[in-house]
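Working through the structure, step by step
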Amino acid sequence: MPKLQYVKWIAIIFLLYTVIAGLLIDVPDLPIIRQSIRNLFFHVCMWFSMIVMFGTSMIYSIRYLRSFSDSDDIIASEAVKTGILFGILGLTTGMIWAKNTWGSFWTNDPLLNGAAVTMLVYLAYTVLRNSMDETSKKARVSAVYNIFAFVILILFLFILPRTAESSLHPGKGKDAQLTVKELDNTMRLVFYPAILGWISLGFWILTLRVRIKKTENLLEDLSANS
Amino acid sequence: MVESKLFVVILVIAVIFTGIILQLILLDRKLRKLEKRTEDLMQHQTTHKTSNQ
């Protein structure tokens, strides 16, 4: 994995901008949603970050199946754990926003249920990994499962919500209330940097996790040899 | 603030902040374990060397 030394600075600068500009810029005052439209820079970006993390994980799982290098396996599994963090944050923030917009924490919406299924599929990944002792077997089985998990993600977050008859959630369903095309131009000025910032934060956390894991493995080898 | 629903945004930012802090605490713990193992390994090696002499 590239060292990504500059990624933390991108994360710091863009997230600082996101929090300040995200709270200060003028936003269109839509009924019911009102000022909470600003959550676009926070809640929505959690999901972008999660999808990028799981995507990275899938790419490294494919790489692992071709190379069988431990490093690829470590990156794939740590990326899943980082993605789960963003997924949990996306669910919690989404529930808060839903409670204050739709009146309940959870609605029986195709996108919401899809997100829940996706999270369960990835939680199952960590359970599957922990259930095996033998390192190479663990890596191989979880890499295959991981590719399957990303297909499930695409299906439940992109395909099924789009074919649904109706959806409360903006941007999805046939009667979408708000799509990126309709997005206010001033909001784009914060939305795009926000996406970049949160994704960079994901990669920063990922590199930290990978470095810790690799050091752990190195120490294990050292103590086994001494 | 309740009328304008700005508090929802503040609440969401607070939740995300908490999540990142929890992640930091987790990584901090992992690092501490690694530091301890490194120290143990160093000690083990020094005792090994002295017993060899």
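Residues numbered from 1 in each chain as written. Chains lettered and ligands numbered in written order. Predicted model: local features only at pLDDT ≥ 70, side-chain atom pairs only at ≥ 80, totals over all residues. Heavy atoms only, no water.

**What about the interface of chain A and chain B?**
Interfaces are frequently sized by the accessible area removed from exposure as the parts join. Counting from both sides, the interface comprises 32 residues of chain A and, opposite them, 24 residues of chain B. At the boundary of chain A with chain B, total buried surface from both sides reaches about 2700 Å², with 76% on carbon and sulfur atoms. Three residues stand out in chain A for area buried against chain B, namely N100, I212 and L219 of chain A, and they jointly supply 21% of the buried area on that side. For R37 of chain B, the salt bridge identified is with E220 of chain A, shortest N-O distance 3.7 Å. No other element matches the 12 residues that helix α6 (residues 185-225) of chain A contributes to the side of chain A that touches chain B. Here the side of chain A that touches chain B is built from residues that sort into 16 nonpolar, 11 polar and 5 charged. (Contact = heavy atoms within 4.5 Å. Buried area = accessible area lost by both parts, 1.4 Å probe. Salt bridge = Lys/Arg side-chain N within 4 Å of Asp/Glu carboxyl O. Helix = DSSP H or I, 4+ residues; strand = E, 2+ residues; numbered from the N terminus. Nonpolar A, V, L, I, M, F, W, Y, C, P; charged D, E, K, R; others polar.)

**Details of the packing of aromatic side chains**
Residue and element names in this part refer to chain A. By the definition in use, this model includes 7 aromatic pairs over all chains. Measuring from centroid to centroid gives 6.0 Å for F48 and F191, while their planes differ by 80°, and the two rings are edge-to-face. Of this pair, F48 sits in helix α2 (residues 43-67) while F191 sits in helix α6, placing them 143 residues apart in sequence. According to the relative accessible area criterion, F48 is partly exposed, its value standing at 34%. Taking relative accessible area as the criterion, F191 reaches 4% and is therefore assigned buried. Measuring from ring centre to ring centre gives 3.6 Å for F54 and Y122, while their planes differ by 10°; the resulting arrangement is stacked. With a gap of 68 residues between them, F54 in helix α2 and Y122 in helix α4 (residues 110-130) connect regions that are remote in the sequence. One exposure class covers both F54 and Y122, and it is buried. The rings of F48, F191 and Y192 are connected pair by pair, giving a single aromatic cluster. (Phe/Tyr/Trp six-rings, centres within 6.5 Å; stacked < 30°, edge-to-face > 60°. Buried < 20%, exposed > 50% of the residue type's maximum accessible area, 1.4 Å probe, protein only.)

**Observations concerning the environment of S200 of chain A**
Residues and elements named next belong to chain A. Relative to the helices and strands, S200 is located in helix α6. For S200, a relative accessible area of 4% puts it in the buried group. Taking the C-alpha atoms as reference points, S200 and K8, 192 residues apart in sequence, are found 6.7 Å from one another. The residues contacting S200, other than those within four sequence positions of it, are V7, I10 and A11. Among the polar contacts listed, one links the side chain of S200 to the backbone oxygen of L196, at a separation of 2.7 Å. (Polar contact = N/O pair within 3.5 Å; in protein donor to acceptor, adjacent residues only side chain to side chain.)

**Section: the packing of α2 of chain A against α6 of chain A**
All names here are of chain A. Close contact between α2 and α6 brings their axes to 9 Å; oriented N to C, the two are set at 45°. As summarised for this structure, α2 and α6 are arranged oblique, according to the angle between their axes. For the crossing formed where α2 meets α6, the hand is right-handed. Between α2 and α6, the residues in contact are V44, C45, M46, F48, S49, V52, M53 and T56 and F191, A194, I195, W198, I199, G202, F203 and L206, respectively. Considered class by class, the residues forming the contact of α2 with α6 number 13 nonpolar, 3 polar and no charged. (Axes fitted to C-alpha atoms, helices over the stretch in contact; angles between N-to-C directions. Parallel < 35°, antiparallel > 145°, perpendicular 65-115°, else oblique. Left-handed = near helix turned anticlockwise from the far one by under 90°.)

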